[in-house]
Amino acid sequence: MATILFNEIIFGPVKSRRLGVSLGINLLPINKKVCNFNCVYCECGWTRDIEIPMSRLPSREEVYKALELKLLELKKKNNIPNVITYAGNGEPTLHPEFAGIIDDTLSLRNKYIPGARIAVLSNSTTISDPW
């Protein structure tokens, strides 16, 4: 099975049968999958190592800046996504700044594309873990 790894923090927008036009956010390293599961259907392939390489995760500030630039570009082109989706190279809730990044995303969404939804593609096993 071919695997897909996203090489940017922000990717897309892409057309999704389920979500419509989706702007993706990858909170994980660009060169490996980081997940606490090993799902047979995962487009990122098998989980080789669940250790989170903190030095290679994008910072909250990097995510904010990248998302703001992309939203400005899309708004200027009138190419507004239906949804901002946390997906990427594994489990997004493993990022230690996940809650703050979601807060930032809501703020940017409200400023630039208030009609868009926020989606998190997650196995949800760590969503309630305190960071």
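Anything mentioned here points back to the structure above.
In what follows, the accompanying structure is described. Worth saying up front: this structure is predicted, and the values here are computed from it rather than measured. (Residues numbered from 1 in each chain as written. Predicted model: local features only at pLDDT ≥ 70, side-chain atom pairs only at ≥ 80, totals over all residues. Heavy atoms only, no water.)

### So, the pairing of strand β2 (residues 20-26)
Keep this limit in mind: Categorising residues by exposure relies on relative accessible area from a 1.4 Å probe, with only protein chains included: less than 20% of the type maximum marks a residue as buried, more than 50% marks it as exposed, and the intermediate range marks it as partly exposed. Segments assigned H or I by DSSP are reported as helices when at least four residues long, segments assigned E as strands when at least two residues long, and all are numbered from the N terminus. The pairing criterion is simple: DSSP has to find at least two bridges between the two strands.
Of all seven residues that make up β2, five are buried, and the element is covered over most of its length. Examined bridge by bridge, strand β1 (residues 10-16) and β2 share five bridges and lie antiparallel to one another. When the bridges of β2 are listed, Val 14 appears paired with Ser 22. Count of turn residues in the β1/β2 antiparallel hairpin: three residues. Strand direction decides the pairing type here: β2 and strand β3 (residues 83-87), joined by five bridges, are parallel. Counted as the bridge partner of Leu 23 is Ile 84 from β3.

### Re helix α1 (residues 60-76)
Three- or four-residue spacings in an α-helix give side chains the same orientation, since the helix completes a turn every 3.6 residues. For clarity, the cut-off: To estimate how far a helix should reach, multiply one less than its number of residues by 1.5 Å. Here, two residues are considered to be in contact whenever any of their heavy atoms come within 4.5 Å of each other.
When the terminal C-alpha atoms of α1 are compared, their 24 Å separation across 17 residues agrees well with the 24 Å that a helix rising 1.5 Å per residue should span. Along α1, the residues classified as buried are Val 63, Leu 67, Glu 68, Lys 70, Leu 71 and Leu 74. Buried residues in α1 make contact with β1, β2, β3 and α2 (98-112). Trailing α1 by a residue or two, Asn 78 shows a phi angle of about 55 degrees, which is positive.

### Section: the packing of aromatic side chains
Short version of the rule: Ring geometry is summarised as follows: Phe, Tyr and Trp rings, the Trp one being its six-membered ring, pair when their centres sit within 6.5 Å, and such pairs are stacked at plane angles under 30 degrees, edge-to-face over 60 and tilted between the two.
If you walk through the whole model with that rule in mind, you get two aromatic pairs. Taken together, a centroid distance of 3.9 Å and an interplanar angle of 20 degrees make the contact between Phe 6 and Phe 11 stacked. Here the two residues Phe 6 and Phe 11 agree in accessibility, since each one is buried. Consider the rings of Tyr 86 and Phe 98, whose centres lie 5.9 Å apart with planes at 75 degrees: the pair is edge-to-face. Residue Tyr 86 is located in strand β3, and its partner Phe 98 is located in helix α2; the two are separated by 12 residues in the primary sequence. For the pair Tyr 86 and Phe 98, one class covers both residues: buried.

### Remarks on the pattern of salt bridges
Test applied: Only one rule defines a salt bridge in this text: a Lys or Arg side-chain nitrogen within 4 Å of an Asp or Glu carboxyl oxygen.
Applying the stated criterion across every chain yields a total of four salt bridges. Lys 111 is the salt-bridge partner of Glu 68, the closest N and O atoms lying 3.9 Å from each other. Residue Glu 68 is found in helix α1, and its partner Lys 111 is found in helix α2; the two are separated by 43 residues along the sequence. The salt bridge involving Lys 70 is made with Glu 73; its shortest N-O contact spans 3.6 Å. Linking Lys 70 with Glu 73, this pair stays in helix α1, spanning three residues, or about one helical turn. What makes Lys 70 buried here is its relative accessible area of 18%. Each of Lys 70, Glu 73 and Lys 77 takes part in one network of salt bridges that share partners.

### Some words on the environment of Ile 4
Its location among the elements puts Ile 4 in the segment before β1. What Ile 4 contacts, discounting residues up to four positions off in sequence, is Glu 43, Cys 44 and Asn 89.

### As for the packing of α1 against α2
Inclusion rule: All axes here are fitted lines through C-alpha atoms, helices being fitted over the stretch that makes contact, and every angle between N-to-C directions spans 0 to 180 degrees. If an angle is under 35 degrees, it is roughly parallel; if it is over 145, roughly antiparallel; if it lies from 65 to 115, roughly perpendicular; otherwise it is oblique. Left-handed is the label given to a crossing in which the near helix is rotated counterclockwise from the far helix by less than a right angle, and right-handed is the label when the rotation is clockwise. Ten residue types, Ala, Val, Leu, Ile, Met, Phe, Trp, Tyr, Cys and Pro, are classed as nonpolar, four, Asp, Glu, Lys and Arg, as charged, and the remainder, Gly among them, as polar.
Direction vectors running N to C along α1 and α2 enclose 20 degrees, while the axes themselves pass 10 Å from each other. Here α2 runs roughly parallel to α1, going by the angle between their axes. For the crossing formed where α1 meets α2, the hand is right-handed. Contact residues: Arg 60, Val 63, Tyr 64, Leu 67, Glu 68, Leu 71, Leu 72 and Lys 75 in α1; Gly 100, Ile 101, Asp 104, Thr 105, Leu 108, Lys 111 and Tyr 112 in α2. Of the residues that constitute the contact of α1 with α2, the class distribution is eight nonpolar, two polar and five charged.

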